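Below are the chains, spelled out letter by letter.
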Number of protein chains: 2
Amino acid sequence: MLETEARAWARGEPGQGVPVVGMVGAGQLARMSLAAATALGVRLRLLAAAPDDAAAQVSADVTVGAPADRAAVTGFAAGCDVLTFDHELVDLGLLAELEAAGHTIRPGPAALALAVDKRHQRAVLGAAGLPVPAHADVTGQADVAAFAAAHGWPVVLKAATGGYDGRGVWVLHGPEAPLPPAGPGGRPLLVEEHVGIERELAVLVARRPGGQAVVWPLVETVQVDGICVELLVPARVEPAVASSATAIGLAVAETAGVTGVLAVELFLTGSGALVVNELATRPHNSGHWTIEGARTSQFANHLRAVLDLPLGEPALTAPAVATVNLLGGADGADPRGRARLAAALAVPGVAVHLYGKLARPGRKLGHVTATGPDPGGALALARRAAAALVGEDAG
Amino acid sequence: MLETEARAWARGEPGQGVPVVGMVGAGQLARMSLAAATALGVRLRLLAAAPDDAAAQVSADVTVGAPADRAAVTGFAAGCDVLTFDHELVDLGLLAELEAAGHTIRPGPAALALAVDKRHQRAVLGAAGLPVPAHADVTGQADVAAFAAAHGWPVVLKAATGGYDGRGVWVLHGPEAPLPPAGPGGRPLLVEEHVGIERELAVLVARRPGGQAVVWPLVETVQVDGICVELLVPARVEPAVASSATAIGLAVAETAGVTGVLAVELFLTGSGALVVNELATRPHNSGHWTIEGARTSQFANHLRAVLDLPLGEPALTAPAVATVNLLGGADGADPRGRARLAAALAVPGVAVHLYGKLARPGRKLGHVTATGPDPGGALALARRAAAALVGEDAG
């Protein structure tokens with residue numbers, strides 16, 4: 001039945017069947033995708049690592065299986081019109097095999113590779129003339145010394161794969177700094193120039209297979225210890241900077257051949273230059289504000305893009321939007337407690353999103369978005385609600 | 001585990017458990033409630049009449065059972081902090097028993113009774129000084145004739161219970177008109193004056209147990225054959241009319257002692273008076289526009305109200321919002337077909353909501369909401385998208 005429905009829809013037979021999207025992973029991105037899928041009448045099937053994953057808790061269509069399990073992924077793909085992703089922890093070789101066997105994988109393995117492997121990403125984007133930091137591959141201490149001789153200390157050492165939320169990134173201040181323990185012999189490394197950061201920005205793009213793309217207004221992000229804690233839209237930068245960032249985002253999407261949502265994290269340097277920091281070829285934390293703050297959310301446009309349907313408008317619904325991530329506090333208190341939830345919802349103009357996760361210090365438990373007439377006001381409201389939910393002084 | 005979680009949350013223990021709302025019914029109102037519940041981290045359990053009900057298709061927490069089955073409803077209520085409703089087809093006696101046994105029922109049976117029984121509703125609202133049409137109970141043809149002698153023909157005959165979407169309403173133009181077949185001996189009837197309708201309006205209120213209430217901007221509705229087909233916000237009426245309508249909505253909510261969302265359908269008569277037409281003590285078709293068009297949706301505020309949490313702002317996200325309901329066309333074509341969906345999504349500024357129902361002529365399959373700078377423009381966009389999905393000329 002499901003097979004028939006999916007195939008009928010993919011063949012474009014009018015009035016037959018429903019679109020079936022399979023998402024590998026069932027974290028908060030999948031969880032927030034469910035609302036968009038339900039509204040569109042799209043069947044969103046999830047391949048969850050565990051039955052209590054954030055999205056698996058609330059979805060009617062969950063298959064439990066590891067993303068590295070070939071049989072699980074292959075079987076899952078068979079029941080879907082298109083396969084897409086909640087994270088990048090996937091076997092790119094397997095995806096290439098599935099694509100060769102006729103499955104529709106969006107984004108495709110070539111685009112995913114740019115998000116998975118930073119060395120590959122720097123090489124491809126650099127070759128396309130896109131602004132990336134000066135960088136070099138590292139196989140030992142000598143490579144770092146040689147790079148620093150050319151570019152000066154400090155330098156930034158990065159794991160080419162597997163790093164996120166500040167993990168896999170080390171700032172080395174001089175030649176005496178030892179390589180991190182996970183260095184040579186472990187994951188591949190690269191070294192990059194240490195860019196003086198004036199502001200951190202994110203460009204969010206949605207792109208269809210044929211190239212139609214939309215770009216949301218530029219996002220300003222605030223990171224603490226490598227973890228994004230606050231976002232503000234529109235970013236407080238000159239219009240020329242916003243235009244350049246948008247152009248870079250679209251060029252990266254085109255170069256990568258991305259289908260779906262692409263988030264390009266950028267540094268605005270002290271000299272006013274923009275350089276690419278990170279990519280994510282999926283809905284991203286820098287786009288959660290779009291649920292309330294934009295006419296079309298990143299989750300809706302990701303589904304529309306991977307199904308090759310026309311994309312929705314990225315325009316703002318208010319002059320300013322601010323999002324504050326909810327990170328588990330030191331006391332481990334659950335933001336779902338009545339007093340905390342009531343205090344947060346008493347703040348005017350905020351929307352609360354909780355991911356169904358047990359509280360642990362530093363864990364992303366949810367986010368709060370506020371809309372308002374100006375950036376400062378929206379941010380103040382979002383901070384108040386966030387403090388009520390996870391702040392140390394919240395009841 | 002669920003019991004413990006629910007009870008801990010209800011007791012207000014900080015940081016313990018999650019709020020559990022049980023909803024009797026799993027139609028499109030429950031389906032659209034899921035997104036709001038997921039965002040808030042509220043566990044929404046559904047009592048579905050059938051496993052393929054609109055909401056049951058997509059929810060992880062479905063119990064199948066008839067709303068008239070005492071054992072099913074009683075067992076379902078035991079696992080919830082609060083019981084609420086997707087429809088009014090419930091046993092009010094059973095709900096009163098559950099309430100007496102300590103369960104939290106919101107809205108309570110007394111408020112539900114006003115939506116279930118039009119005779120009771122007219123009596124209660126009339127006694128409270130609220131504007132209702134002149135009316136009388138009917139037990140036979142003589143009652144109709146006596147009423148018409150006092151108020152003139154035509155008169156409107158209504159089934160006191162069980163009517164919706166134009167069913168259970170008959171306009172009688174003279175004494176020779178026979179009573180409808182379902183009349184005396186079947187459902188109780190009432191007769192009302194035939195009000196000259198200038199415009200149909202709806203006031204949407206959300207109210208907490210303690211009385212805190214918010215009112216969304218006034219809605220204008222367009223009915224064809226008793227079925228609402230289009231909605232426009234804000235309603236095109238004088239500010240004084242909007243103020244009066246809002247005051248009536250709040251007064252009905254207070255009189256009814258409603259907890260949750262209340263929709264009050266009003267007639268604006270040719271002489272500029274407002275009279276109450278219908279009530280719904282739950283999220284309602286006249287509030288679907290709030291998902292995109294208001295800062296807080298009716299579904300989010302219904303959950304917040306029944307959990308006695310602070311209510312969210314009802315302000316508009318755009319100067320004008322229009323919604324067009326998708327009714328199954330004569331050809332029975334499914335709006336989820338690729339060509340129809342693609343054509344609708346190509347219309348700028350619209351959001352498509354499909355309810356997961358098979359297409360049948362006249363069936364409510366979904367709705368389309370458009371936001372825009374003016375009512376006419378928003379309505380034109382919503383109509384274009386709706387025509388693409390279910391129009392006779394759509395591909």
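Computed from a predicted model, the values in this text were never measured in an experiment.

Here we take up the overall build of chain A. Helix and strand content of chain A: 12 helices and 17 strands. Over its C-alpha trace chain A gives a radius of gyration of 21 Å, about what one expects of a compact globule, namely 21 Å for 395 residues. Counting only C-alpha atoms, chain A reaches 65 × 55 × 40 Å along its principal axes. Split into buried and exposed, the 395 residues of chain A put 54% on the buried side.

Each partner contributes to the interface: chain A provides 44 residues, whereas chain B provides 44 residues. At the level of elements, helix H2 (28-40), helix H11 (338-345) and strand E16 (350-354) of chain A are the ones that each hand at least two residues to the side of chain A that touches chain B. A per-class count over the side of chain A that touches chain B returns 21 nonpolar, 15 polar and 8 charged.

Residue and element names in this part refer to chain A. Restricting attention to buried positions, one finds in helix H3 (residues 70-78) the residues Val-73, Phe-76 and Ala-77. For H3, the buried positions fall inside an angular range of 100° around the axis, keeping them on one side. Those residues of H3 that are buried lie in contact with strand E1 (20-24), strand E2 (43-48), strand E3 (62-64), strand E4 (82-85) and helix H4 (92-100).

With that settled, the discussion passes to unusual backbone geometry. The step from Val-233 of chain A to Pro-234 of chain A runs through a cis peptide bond, and the omega angle for that step is -5°. Note on placement: Pro-234 of chain A falls in the loop between strand E12 (227-233) and helix H8 (239-256). Of the consecutive residues Trp-153 of chain B and Pro-154 of chain B, the connecting peptide bond is found in the cis state with omega at -5°. Along the chain, Pro-154 of chain B turns up in the loop between helix H7 (141-151) and strand E6 (155-159). Not every positive phi belongs to a glycine, and Asp-308 of chain A is a case in point at roughly 55°. Of note, Asp-308 of chain A is situated in the loop between helix H10 (298-306) and strand E15 (320-327). According to the C-beta neighbour criterion, Asp-308 of chain A is partly exposed, with 19 such atoms within 10 Å.

All right, on to the confidence of the model for chain A then. Residues at a pLDDT of 70 or more form 93% of chain A, whose mean pLDDT is 92. As scored by the predictor, the complex reaches a pTM of 0.95 and an ipTM of 0.94.

It is worth spelling out the environment of Leu-172 of chain B at this point. All names here are of chain B. The residue Leu-172 is located in strand E7 (residues 169-172) in this model. Judged by local crowding, Leu-172 falls into the buried class, with 20 C-beta atoms found within 10 Å. It is 9.3 Å that separates the C-alpha atoms of Leu-172 and Val-144, two residues lying 28 residues apart in sequence. Leave out the neighbours within four places in its chain, and Leu-172 touches Val-144, Pro-154, Val-155, Leu-157 and Ala-177.

Bringing the sheet that holds strand E8 (residues 189-193) of chain A into the picture now. All names here are of chain A. Read across the open sheet, the 4 strands follow the order E5-E8-E6-E7; overall the sheet is antiparallel. The open sheet has two free edges, formed respectively by strand E5 (135-138) and strand E7 (169-172), since each of these has just one partner strand. Strand-to-strand twist in this sheet, taken as the mean axis angle between neighbours without regard to direction, amounts to 25°. As paired elements, strand E6 (residues 155-159) and E8 share 5 bridges and run antiparallel to each other. Residue pairing across strands places Val-156 opposite Glu-192, the latter belonging to E8.

Further remarks concern the sheet that holds E7 of chain B. Strand pairing in a sheet is mediated by backbone hydrogen bonds. Such pairs are either parallel or antiparallel. All names here are of chain B. Read across the open sheet, the 4 strands follow the order E5-E8-E6-E7; overall the sheet is antiparallel. If you trace the sheet from one side to the other, it starts and ends with strand E5 (135-138) and E7, each paired once. When the angles between neighbouring strand axes are averaged without regard to direction, this sheet yields 25°. Sheet topology places E5 next to strand E8 (residues 189-193); 4 bridges connect them, and they run antiparallel. Directly across from His-135, in E8, lies its bridge partner Glu-192. Here helix H6 (residues 118-127) sits on the sheet and contacts E5, E6 and E8; the angle it forms with E8, its principal contact strand, is near 50°.

So, about the domain arrangement of chain A. Along its sequence, chain A is carved into domain 1 (2-105), domain 2 (134-193) and domain 3 (197-390). Each of domain 2 of chain A and domain 3 of chain A was reduced to a C-alpha centroid, and the two centroids are 29 Å apart.

Relative to chain B, chain A is turned by 180° and slid 0.0 Å along the rotation axis, the superposed coordinates differing by an RMSD of 0.0 Å. Expressed as an axis order, the relation between the two copies is that of a two-fold axis. When each C-alpha of chain A is compared by its distance to the rotation axis, Ala-60 of chain A comes out closest, at 2.2 Å. Take the interface residues of chain A: 100% of them recur as interface residues in chain B, which is what a same-surface contact looks like.

Residues and elements named next belong to chain A. Its location among the elements puts Pro-209 in the loop between strand E9 (197-207) and strand E10 (213-215). Between the alpha carbons of Pro-209 and Pro-107 there is a distance of 8.9 Å; along the sequence they are 102 residues apart. Setting aside chain neighbours within four positions, we find Pro-209 in contact with Thr-259 and Asp-308.

Moving on, we come to the environment of Ala-77 of chain A. Relative to the helices and strands, Ala-77 of chain A is located in helix H3. For the pair Ala-77 of chain A and Leu-47 of chain A, spaced 30 residues apart in sequence, the C-alpha separation works out to 9.5 Å.

A separate point is the packing of H4 of chain A against helix H5 (residues 109-116) of chain A. Residue and element names in this part refer to chain A. Here H4 crosses H5 at 170°, and the two axes come no closer than 10 Å. It follows from the interaxial angle that H4 and H5 lie roughly antiparallel. Here H4 runs over H5; the crossing is right-handed. Residues Leu-92, Leu-95, Ala-96 and Glu-99 of H4 form the contact with H5, whose own contacting residues are Pro-109, Leu-112, Ala-113 and Val-116. By residue class, the composition of the contact of H4 with H5 is 7 nonpolar, no polar and 1 charged.

Rules used in this analysis
Residues numbered from 1 in each chain as written. Chains lettered and ligands numbered in written order. Predicted model: local features only at pLDDT ≥ 70, side-chain atom pairs only at ≥ 80, totals over all residues. Helix = DSSP H or I, 4+ residues; strand = E, 2+ residues; numbered from the N terminus. Rg over C-alpha atoms; globule rule 2.2 N^0.38 Å. Buried ≥ 20, exposed ≤ 12 C-beta atoms within 10 Å, placed from the backbone. Contact = placed C-beta atoms within 7 Å. Nonpolar A, V, L, I, M, F, W, Y, C, P; charged D, E, K, R; others polar. Arc of directions from axis to C-beta. pLDDT = per-residue confidence, 0-100. Pairing = 2+ DSSP bridges. Axes fitted to C-alpha atoms, helices over the stretch in contact; angles between N-to-C directions. Domains from an automatic or database assignment. Least-squares fit on C-alpha atoms with pLDDT ≥ 70 in both. Parallel < 35°, antiparallel > 145°, perpendicular 65-115°, else oblique. Left-handed = near helix turned anticlockwise from the far one by under 90°.

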